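Coordinate inspection notes
Here are the chains, one letter per residue:
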Amino acid sequence: DRLPIIAIDGPAGAGKSTVARQVAAKLGLVYLDTGSMYRAVTWLVLQQGIAIDDECAIAELASSCEIQLTPSQDLQSPVQVWINGTNVTQVIRTVEVTSKVSAIAAQTAVRKALVKQQQSWGKRGGLVAEGRDIGTHVFPDAEVKIFLTASVTERARRRQEDFKKQNLPEVNLEQLERDIAERDWKDSTRKVSPLQKAADAIEIQTDGLSASEVTAKIVDYCQERL
Ligand code: C5P
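Along each chain, residue indices are assigned from 1 in the same order as the chain's sequence is written. Totals for whole chains, interfaces and linings use all residues, but because this is a predicted model, local features are given only for residues with pLDDT of at least 70 and pairs of side-chain atoms are given and counted only at 80 or more. With hydrogens and water stripped out, all remaining heavy atoms of the structure feed into the side-chain values.

Residues given the UniProt feature "domain: Cytidylate kinase" (unreviewed entry) here are residues 6-223. In DSSP terms, a helix is any run of H or I states spanning at least four residues, a strand is any run of E spanning at least two, and both are numbered starting from the N terminus. Secondary structure over residues 6-223 splits into 50% helix and 15% strand, and the C-alpha atoms at its two ends are 12 Å apart. UniProt positions are given in the numbering used here, feature names are shortened, and annotations may be inferred rather than shown by experiment.

This is the structure:
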């Protein structure tokens, strides 16, 4: 027996992180951001100067690295991400890591290693897990499955806001749209567990909705189901 699992999947910038974190806080569950794990491995690959198509070296790295996610109580401050003892919370959000992460996340050995870790963290349940393959692959028996979407324009606008809030240099909106569309395409066409709505997931289109409105919808739905 285990506690419930809530799976939240969707494309880049659909608001998964904010919403998943709020849902976890409201329901007293642990929040798991699986994207930050793929980003951390990508950072390590770049930092060690490994070529992104060197699947052997990357497989070795992914299966031997130690990733730690330490949530903070304050919903405004980010979950701290550590890999092999280095705090990479900020560096995994750079354009450089973001532009390479999908190529790394498409590699079978990388997914195997990270999914194994995620499943071991989820053994007892009690999670709101967020990513691309949570409802389809990582936790196919999750009690609640949500697929969050939004138009590319809306998602690019949200990313731009994120950059502003973090005082990062401004990024051009069209460039953001192109990057997001490219990452969507890579994530949904890859061979291993592509981004896909699980057959039993409910889809929420979030254009024009605030994060707290989406959270409220999901919390209501969970309370009906659990
Ligand atoms: O969610 P986030 O934008 O941080 O994810 C970064 C990248 O990690 C995604 O574009 C995708 O390539 C990969 N990812 C994945 N499976 C997950 C979560 C993220 O392949 N469960």
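Once the structure has been displayed, the description carries forward.
Let's shift gears to the site of the ligand. Arg39, Arg111, Asp133, Arg183 and Asp187 are the nearest of the 16 residues found near the ligand. Polar contacts, as used here, are pairs of N or O atoms within 3.5 Å; protein pairs need one atom able to donate a hydrogen and one able to accept it. Residues neighboring in sequence count only if both atoms are side-chain atoms. Arg111 has a polar side-chain atom sitting 2.7 Å from an oxygen atom of the ligand. Note that an oxygen atom of the ligand is positioned 3.0 Å from one of the side-chain N or O atoms of Arg132. Contact with the protein chains covers 98% of the free accessible surface of the ligand, which is 450 Å². Elements represented by at least two residues in the shell around the ligand include exactly α2 (35-47), α4 (95-105), β6 (127-131) and α8 (173-189). A single heavy atom is enough: if one lies within 4 Å of a molecule or strand, its residue is considered near that molecule or strand. Computed with the Shrake-Rupley method and a 1.4 Å probe, the accessible areas treat only the protein chains shown as cover for residues.

This part is about the sheet that holds strand β2 (residues 30-33). In this scheme, strands are said to pair when DSSP sees at least two bridges between them. Strands sit in the order β2-β6-β1-β7-β8 across an open sheet of five strands; the sheet is parallel. Strands with a single pairing partner mark the edges of an open sheet, and in this sheet they are β2 and β8 (202-205). When strand polarity is set aside, the average angle formed by the axes of neighbouring strands in this sheet is 20°. Both strand β1 (residues 5-9) and strand β7 (residues 144-149) contribute to a ladder of four bridges, which runs parallel. Counted as the bridge partner of Asp9 is Phe147 from β7. Helix axes are fitted to C-alpha atoms over the stretch in contact, other axes to C-alpha atoms as well, and angles between N-to-C directions run from 0 to 180 degrees.

So, about the packing of α4 against α8. Two elements in contact, α4 and α8, have axes separated by 9 Å at closest approach and are oriented at 20°. Looking at the two axes, α4 sits roughly parallel to α8. Here α4 runs over α8; the crossing is left-handed. For the pair formed by α4 and α8, the contact residues are Thr98, Ser99, Val101 and Ser102 on the first element and Arg183, Lys186 and Asp187 on the second. Here the contact of α4 with α8 is built from residues that sort into one nonpolar, three polar and three charged. By the definition adopted for this analysis, an angle is roughly parallel if under 35 degrees, roughly antiparallel if over 145, roughly perpendicular if from 65 to 115, and oblique otherwise. A crossing counts as left-handed when the near helix is turned anticlockwise from the far one by less than a right angle, and as right-handed when that turn is clockwise. In what follows, a contact means two residues having at least one pair of non-hydrogen atoms within 4.5 Å. Under the scheme applied here, ten amino acids are nonpolar (Ala, Val, Leu, Ile, Met, Phe, Trp, Tyr, Cys and Pro), four are charged (Asp, Glu, Lys and Arg), and all others, including Gly, are polar.

Turning our attention to the sheet that holds strand β5 (residues 86-87). In space, the three strands of this open sheet follow the order β3-β4-β5, with antiparallel pairing throughout. Edge positions in the open sheet fall to β3 (67-70) and β5, since each of these has one partner strand only. As paired strands, strand β4 (residues 80-83) and β5 are joined by two bridges and run antiparallel to one another. Bridged to Trp82 within β5 is Asn87. Together, β3, β4 and β5 form the strand contacts of α2, whose direction differs from that of β4 by roughly 45°.

Take the number of residues in a helix, subtract one, and multiply by 1.5 Å to get its expected span. The terminal C-alpha atoms of helix α5 (residues 108-121), which comprises 14 residues, lie 20 Å apart, in line with the 20 Å expected from a rise of 1.5 Å per residue. Accessible area is worked out with a 1.4 Å probe on protein chains only. A residue is then buried under 20% of its type maximum, exposed over 50%, and partly exposed in between. Taken residue by residue, α5 has Val110, Arg111, Ala113, Leu114, Val115 and Gln118 as its buried positions. Buried residues in α5 make contact with β2, α2, α3 (55-64), β3, α4 and α6 (134-138).

Attention now goes to the layout of surface pockets. Points on a 1 Å grid, built from protein atoms alone, make a cavity when a 1.4 Å probe fits but cannot get out and make a pocket when they are open with protein on both sides within 12 Å along at least 5 of 7 lines; residues with an atom within 4 Å of a point are the lining residues. Grid points are joined across faces, edges and corners, and a volume is the space filled by probe spheres set on the points. Approximately 230 Å³ is the volume found for the second largest pocket. Lining of the second largest pocket is provided by Arg21, Ala24, Ala25, Gly28, Leu29, Val30, Tyr31, Pro71, Ser72, Gln73, Leu75 and Val79. Put simply, the parts of the chain that give the lining of the second largest pocket at least two residues each are α1 (16-27) and β2. Looking at the lining of the second largest pocket, the element that brings in the most residues is α1, giving three residues. For the lining of the second largest pocket, the per-class residue count stands at eight nonpolar, three polar and one charged.

What follows concerns the side chain of Thr206. Inspection of the secondary structure puts Thr206 in the loop between β8 and α9 (211-225). Exposure remark for Thr206: the relative accessible area of 1% places this residue in the buried category. Ignoring any residue separated from it by four or fewer positions in sequence, one finds Thr206 in contact with Ala14, Leu148, Thr149, Ala150, Glu154, Arg158 and Val214.

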